[in-house]
Amino acid sequence: MANTTTLPKGKDGFTVEVMKEEDFDTCLDIAVQAFSTRNKVVMHLKVPRQHLKANFKKDSYESMKQGLALVARDKSNGKLAGFLFNVQQYPWPKPLPKGDPLNPLYDVGDTLYEKAFSENGIGLGAVITGAVLRVGAGGTADGYEGRGVGTLLRSACIPFAKSKKVFRRVWVEPAHGATFHIWTNKLKYHLRSEIKFKDWKPTKPSQIQQYGPDPWKDLDNGSDRIQKIGMCEGVIDEEEGGLRRNCYDKACCYGFMFCALLCKCTCCWKKYTKSADDNVSIFEFDDVITTTAGVDKV
Ligand SMILES: CC(C)(COP(=O)(O)OP(=O)(O)OC[C@H]1O[C@@H](n2cnc3c(N)ncnc32)[C@H](O)[C@@H]1OP(=O)(O)O)[C@@H](O)C(=O)NCCC(=O)NCCS
């Protein structure tokens with residue numbers, strides 16, 4: 001087997017492409033394998049592979065058809081090396097059914113977002129109007145870890161979202177040390193909120209009834225890293241005033257947007273549709289980050 005340190009990394013070794021329908025099943029398999037073997041949080045919940053696959057499929061198929069998902073392809077052999085299941089974020093996602101093994105993770109996610117929404121800079125107006133591209137899940141295929149695939153794909157998110165002309169923010173909730181490092185240290189996304197799993201306990205009787213009072217007990221056992229999840233936000237054209245340029249994103253509108261969120265008011269919501277002239281397959285972009293010498297890792 002070749003020494004991975006000598007193999008081409010990042011943009012030298014891989015192209016970023018829009019996921020095609022024929023790629024979708026392979027990406028589901030990469031996702032299931034990556035999360036069942038290399039994501040401590042999902043492994044801790046003992047989610048059966050078939051269940052994980054069905055969940056990824058349910059959440060990502062429509063977005064893939066809309067041309068929002070991305071893959072990284074190995075230039076040397078054409079194989080898929082990683083993927084991102086991106087979606088247009090809907091402000092009121094459906095809860096999982098009772099008893100779903102992923103419920104503790106989704107419930108932590110709810111607390112994470114409650115904390116994030118108390119952050120004034122977050123793009124609440126963007127999500128209410130359908131202008132948030134969310135990275136729902138991402139993974140690197142077995143054998144490709146550490147070759148910059150994860151960083152390359154994630155570097156593409158802001159330029160890719162910008163190219164669609166409707167998005168103003170990119171949201172993501174990293175729950176793996178490597179992705180936390182990529183989004184916050186390397187790509188400088190804003191960390192709007194953060195929760196250490198060991199500190200999170202369910203508060204509702206229905207949650208406790210489903211999975212007990214401490215679903216994350218023992219998660220950190222045998223590891224020198226504390227598992228945590230963050231809510232990260234990238235702002236399109238931030239340096240050119242993108243944080244507040246759109247009227248829905250102005251600080252004075254925040255209260256109205258918050259009311260819309262609480263009242264589930266869909267008046268301002270616009271569903272993304274792929275435009276007829278959007279035929280991008282290989283996605284070229286300039287600002288790729290591959291190394292971070294001197295940056296602290298989490
Ligand atoms: C997490 C994952 C996407 C990383 O992909 P990758 O292609 O190996 O990522 P890259 O090679 O671009 O970079 C990894 C970076 O994270 C660092 N890293 C790796 N493991 C880390 C950890 N546990 N904690 C902190 N940093 C870590 C690497 O050193 C590297 O940083 P550097 O470029 O500054 O040296 C991949 O391991 C994976 O698919 N995991 C399983 C699925 C998953 O957990 N997905 C993310 C859910 S949030």
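All values reported here derive from a predicted model rather than from experimental measurement.

Chemist: Where do I start with the site of the ligand in this structure?
Modeler: Around the ligand, a shell composed of 27 residues is seen, among which Asn39, Gly150, Thr151, Gly177 and Ala178 lie nearest. If you list the elements that add at least two residues to the shell around the ligand, you get α2 (21-38), β4 (132-140), α7 (149-155) and α9 (177-186). If you tally residues by element for the shell around the ligand, the top one is α9, at five residues. Residue composition of the shell around the ligand, by class: eight nonpolar, 14 polar and five charged.

Chemist: Could you clarify how one ought to interpret the sheet that holds strand β6 (residues 190-196) in this entry?
Modeler: Backbone hydrogen bonds hold the strands of a sheet together, and the pairing may be parallel or antiparallel. One open sheet holds the seven strands; their spatial order is β1-β2-β3-β4-β5-β7-β6, and the pairing between them is mixed. Unpaired on one side and paired on the other, β1 (14-18) and β6 mark the two borders of the sheet. Within the sheet, the average angular offset between the axes of one strand and its neighbour, ignoring direction, is 20°. In this sheet, strand β7 (residues 228-235) lies alongside β6 in antiparallel orientation, the contact comprising six bridges. Each bridged residue has a counterpart across the sheet, and for Glu194 the counterpart in β7 is Gly230. The strands touched by α2 are β2 (70-74), β3 (80-88) and β4; relative to β3, the strand with the most contacts, the crossing angle is about 100°. Strands β6 and β7 of the sheet are contacted by helix α5 (residues 103-116), whose axis makes an angle of about 140° with β6.

Chemist: What is the right way to look at the packing of α2 against helix α4 (residues 49-65) in this model?
Modeler: Geometrically, a packed helix pair is captured by the angle between its two axes and the distance between the axes. Axis separation between α2 and α4 bottoms out at 10 Å; the angle between their running directions is 135°. One way to sum up the angle between α2 and α4 is to call them oblique. For the pair α2 and α4, the sense of crossing is right-handed. Along its contact with α2, which presents Phe24, Leu28, Ala31, Val32, Phe35 and Ser36, the element α4 presents Arg49, Leu52, Lys53, Phe56, Lys57 and Met64. Within the contact of α2 with α4, the residues separate by chemical class into eight nonpolar, one polar and three charged.

Chemist: Help me understand unusual backbone geometry, please; the structure alone is not making it clear to me.
Modeler: With the exception of glycine, the majority of residues adopt a negative phi angle, and the majority of peptide bonds are in the trans configuration. Of note in this structure, Asp237 is not a glycine but carries a positive phi near 55°. Turning to its location among the elements, Asp237 is positioned in the loop between β7 and α11 (254-263). The class for Asp237 is exposed, based on 12 C-beta atoms found within 10 Å. Phi is positive for Lys264, close to 55°, though the residue is something other than glycine. Positionally, Lys264 belongs in the segment after α11.

Chemist: Even after reading the chapter, I still don't get the environment of Thr26, so can you show me in this structure?
Modeler: One can find Thr26 in helix α2. Distance in space between the C-alpha atoms of Thr26 and Val47 is 19 Å, their sequence separation being 21 residues.

Chemist: In this structure, what is going on with the confidence of the model for the protein chain? I would like to understand it.
Modeler: Keep in mind that low pLDDT regions are not for reading the predicted coordinates in detail. For the protein chain, per-residue confidence averages 93 on the pLDDT scale, and 94% of positions sit at 70 or higher. In this model, residues 293-298 is a region of pLDDT below 50 whose contacts with residues beyond four sequence positions or in other chains number seven contacts.

Chemist: Teacher, can you tell me more about α2 here?
Modeler: Because each turn of an α-helix spans 3.6 residues, side chains separated by three or four positions in sequence point in the same direction. Relative to the 26 Å expected for 18 residues at 1.5 Å per residue, α2 spans 26 Å between its end C-alpha atoms, a close match to the ideal helical length. Looking only at α2, the buried set comprises Phe24, Cys27, Leu28, Ile30, Ala31, Val32, Ala34 and Phe35. Tucked inside the fold, the buried residues of α2 contact α3 (40-44), α4, β2, β3 and β4.

The rules behind these values
- Residues numbered from 1 in each chain as written.
- Predicted model: local features only at pLDDT ≥ 70, side-chain atom pairs only at ≥ 80, totals over all residues.
- Near = placed C-beta within 6 Å.
- Helix = DSSP H or I, 4+ residues; strand = E, 2+ residues; numbered from the N terminus.
- Nonpolar A, V, L, I, M, F, W, Y, C, P; charged D, E, K, R; others polar.
- Pairing = 2+ DSSP bridges.
- Axes fitted to C-alpha atoms, helices over the stretch in contact; angles between N-to-C directions.
- Contact = placed C-beta atoms within 7 Å.
- Parallel < 35°, antiparallel > 145°, perpendicular 65-115°, else oblique.
- Left-handed = near helix turned anticlockwise from the far one by under 90°.
- Buried ≥ 20, exposed ≤ 12 C-beta atoms within 10 Å, placed from the backbone.
- pLDDT = per-residue confidence, 0-100.
- Expected span 1.5 Å × (residues − 1).

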